[in-house]
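# Topology and contacts: notes
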Amino acid sequence: MKYSSQKVAYAYFVAALGLFAIQVLGGLLAGWIYVAPNFLSELLPFNIVRMLHTNALIVWLLLGFFGAAYFIIPEESEREIHSVKLAYIQLIILVVGTLGAVVSYIMGIHEGREFLEQPLWVKVGILVAALIFLFNISMTVLKGRKTAITNILVIGLWALSLLWLFAFYNPDNLSLDKMYWWYVVHLWVEGTWELVMASILGFLMLKLTGVDREVIEKWLYIIVATALFSGILGTGHHYYWIGLPGYWQWIGSVFSTLEVIPFFLMMTFSFVMVWKGRKNHPNKAALLWSLGSATVAFFGAGVWGFLHTLHGVNFYSHGTQITAAHGHLAFFGAYVALNLAVFTYAMPMLKGRNPYNQVLNMGSFWLMTGGMSFMTFVLTFAGTIQTHMQRVVGEDFMSVQDQLTVFYIMRFGAGAAVVIGALLFIYSLLVPRKELFTETSGSKPVTGSSPEAQAVLEGGR
Amino acid sequence: MSEFLTKSRARNIFYGGSLFFIGIFAVLSIDSHLYVVNESTSKAELTDEVVLGKHVWEKHACINCHTLHGEGAYFAPEVGNVMTRWGVLDDPDDAAETLGSWMEAQPSRIEGRRQMPFFDLTKEEVRGLSEFLRWADKTNTQDWPPNDAG
């Protein structure tokens, strides 16, 4: 770590990990309610559990992005963060808002649009925090060295914050409500967040592989160009059946098919950089998460997205378990795994220790990725059967659901593996202080004075 | 590619192309907004009851179990066409009564059956919710869902 203000990221990452635990435990509970529907049904109904599950996810991913930005930008801009104090104030606002939201959800106080359930004061808090953040990083970037990585990161973060304004606009007309709701939801995850993802991935590749910056940055511009060229009009794939004009069926089908390209490029980019790079960086777990993120994002967002995005297919599959399958693998690959990659990369530096936790951390990668993949497969099978029986044959929703129980049991098992993996990951990042499993790692253990260890502590230089 | 496509060219393509697509998206959004107001939702009037019903829908986070026009959670049935399914689409009184007695009967407490919570709604709220669902059912959704099962 070269700049002391990068330390801010540590607090963000710890807060994010806490919410990550809440998110996966909420998910496990929701998965259990699918298996045993009477469980907690009058104390903590499914709608509240799901709200906690999705909201905790969104907020921890954002905390991770903010933390990653505070970690990356000083190194890229070659100067300290404009104001460390503001960065902590921003975090306090976000944590208070998040805790406030969790408590009010449990008490049944919330707004009623999916994912945007935060009470108004929390929404305002998020906006204020975002403004503080934008001011803080923009001042840092403007005064420092300009790179493509910071440029794309800052554009992505500005754009996602501006789009948040649509969270405050809730028209009485349901179709308009839905149309503008997607300005936040789709243009975040299939637009601006991809910019953030690409720039963080670019930074990690720069540090982990040692490939020339010029090469990486050119790739980045191509990736984000394809992301926005496809993703903006790709919004159309949400506009098929909510009361909007029929032309969205063609625009949405064509452009959301193209949305596969940026994810394919991010995957190709990561592997090509690793092949080209000559650096043997000791933080293997960070490399595993980076490559894993790019790969699983391609399958989850790219392949599983394409699976049901053509309007002729979506007419039958819309709003079935196929959507749930895609949502889980896409979020995990693109944004969860990427955040965990940057946490894994940065934590040894932030805590001033060697990457002691490689085997546990890599084990958690395979547990989580295996669990998520299995969950995606069983939900896809469930969704296929549901689509046929309900949408083609016309059988009643609940009688179809009753026949999918075996898939929901398997999904619960897969979810349990993910939860164990997540807790293992959190443990491996925060707790071990000594090298574990030195022999099984098969390579020379990194000691405090070796050049590799120094490289880790200094950020891979 | 590497000779022609320099970093600054790639960056300019990114900027120019993105602005171009944002422009197209903005134009189509305006057109879609007008289409919603003037065509797809113009068959049923957006009354105060419908607006009240939307607030009831939001206050109880119905979207986190049900889907509405296919969006939401996938835990409970689609309700964008529930009034058609119940055969009460064109009868406001019958619709409100059917919905009211359904809501009063919850939770069923049947073992192994998904539970809908009991929501303590006033008569006006039930009427509003029912009008909201009737209004949504009359929206032109390009013939989705494929059948009454939703």
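Residues numbered from 1 in each chain as written. Chains lettered and ligands numbered in written order. Predicted model: local features only at pLDDT ≥ 70, side-chain atom pairs only at ≥ 80, totals over all residues. Heavy atoms only, no water.

## Section: a nonpolar patch on the surface
All names here are of chain A. Taken together, Leu120, Val124, Val128, Trp158, Leu162, Leu165 and Phe168 make up a surface patch of nonpolar side chains, about 600 Å² in accessible area. Those elements that place two or more of their residues in the nonpolar patch are α4 (120-143) and α5 (148-163). Ranked by residue count, the leading element in the nonpolar patch is α4, at 3 residues. With respect to the secondary-structure elements, Trp158 resides in helix α5. Overall, the relative accessible area of 36% leaves Trp158 in the partly exposed class. (Patch = residues over 30% accessible without salt bridge, like charges linked within 9 Å, V, L, I, M, F, W, Y side chains within 5 Å. Areas by Shrake-Rupley, 256 points an atom, 1.4 Å probe, with all protein chains shown as cover. Salt bridge = Lys/Arg side-chain N within 4 Å of Asp/Glu carboxyl O. Helix = DSSP H or I, 4+ residues; strand = E, 2+ residues; numbered from the N terminus. Buried < 20%, exposed > 50% of the residue type's maximum accessible area, 1.4 Å probe, protein only.)

## A few points about the UniProt feature "domain: Cytochrome c" (unreviewed entry) in chain B
When the UniProt feature table is mapped to this numbering, "domain: Cytochrome c" (unreviewed entry) covers residues 48-137 of chain B. In residues 48-137 of chain B, helix accounts for 49% and strand for 4%; the two terminal C-alpha atoms are 17 Å from one another. (UniProt positions renumbered as here; feature names shortened; annotations may be inferred.)

## What about empty space enclosed by the protein?
A full pass over the atoms with the stated rule returns 4 cavities of 30 Å³ or more. Of the volumes computed, that of the second largest cavity is approximately 140 Å³. Residue lining of the second largest cavity: Gly112, Arg113, Glu114, Leu174, Asp177, Lys178 and Trp181 of chain A together with Trp57, Glu58, Ile63, Leu68 and Glu71 of chain B, and that is the complete set. Broken down by secondary-structure element, the contributors of at least two residues to the lining of the second largest cavity are α6 (174-209) of chain A together with α2 (48-59) of chain B. Residue contributions to the lining of the second largest cavity peak at 4 residues, all from α6 of chain A. Looking at the lining of the second largest cavity residue by residue, the classes come out as 5 nonpolar, 1 polar and 6 charged. (1 Å grid on protein atoms, 1.4 Å probe; cavity = no way out; pocket = protein on both sides within 12 Å on 5 of 7 lines; lining within 4 Å. Points joined across faces, edges and corners; volume = space filled by probe spheres on them. Nonpolar A, V, L, I, M, F, W, Y, C, P; charged D, E, K, R; others polar.)

## Here we look at the layout of surface pockets
All names here are of chain B. Estimates place the volume of the largest pocket at around 730 Å³. The leading source of residues in the lining of the largest pocket is helix α4 (residues 92-104), at 3 residues. Here the lining of the largest pocket is built from residues that sort into 21 nonpolar, 6 polar and 4 charged.

## Brief notes about the interface of chain B and chain A
Taken together, the 71 residues of chain B in the interface contact 81 residues of chain A. Regarding the contact of chain B and chain A, the summed buried area is about 6,400 Å², with carbon and sulfur atoms giving 63% of it. For the interface between chain B and chain A, the tally reads 6 salt bridges. Note that Asp402 of chain A is salt-bridged to Arg113 of chain B, the shortest N-O span being 3.4 Å. In this assembly, chain B and chain A are joined by 38 residue pairs in polar contact (both at pLDDT 80 or more). Those elements that provide at least two residues to the side of chain B that touches chain A are α1 (7-40), α2, β1 (67-68), β2 (71-72) and α5 (123-137) of chain B. (Contact = heavy atoms within 4.5 Å. Buried area = accessible area lost by both parts, 1.4 Å probe. Polar contact = N/O pair within 3.5 Å; in protein donor to acceptor, adjacent residues only side chain to side chain.)

## Some words on helix α10 (residues 284-307) of chain A
In this model, α10 of chain A (24 residues) spans 33 Å end to end at C-alpha, consistent with the 34 Å of a helix rising 1.5 Å per residue. Counting buried positions along α10 of chain A yields 18 of 24 residues, so the element is predominantly enclosed. (Expected span 1.5 Å × (residues − 1).)

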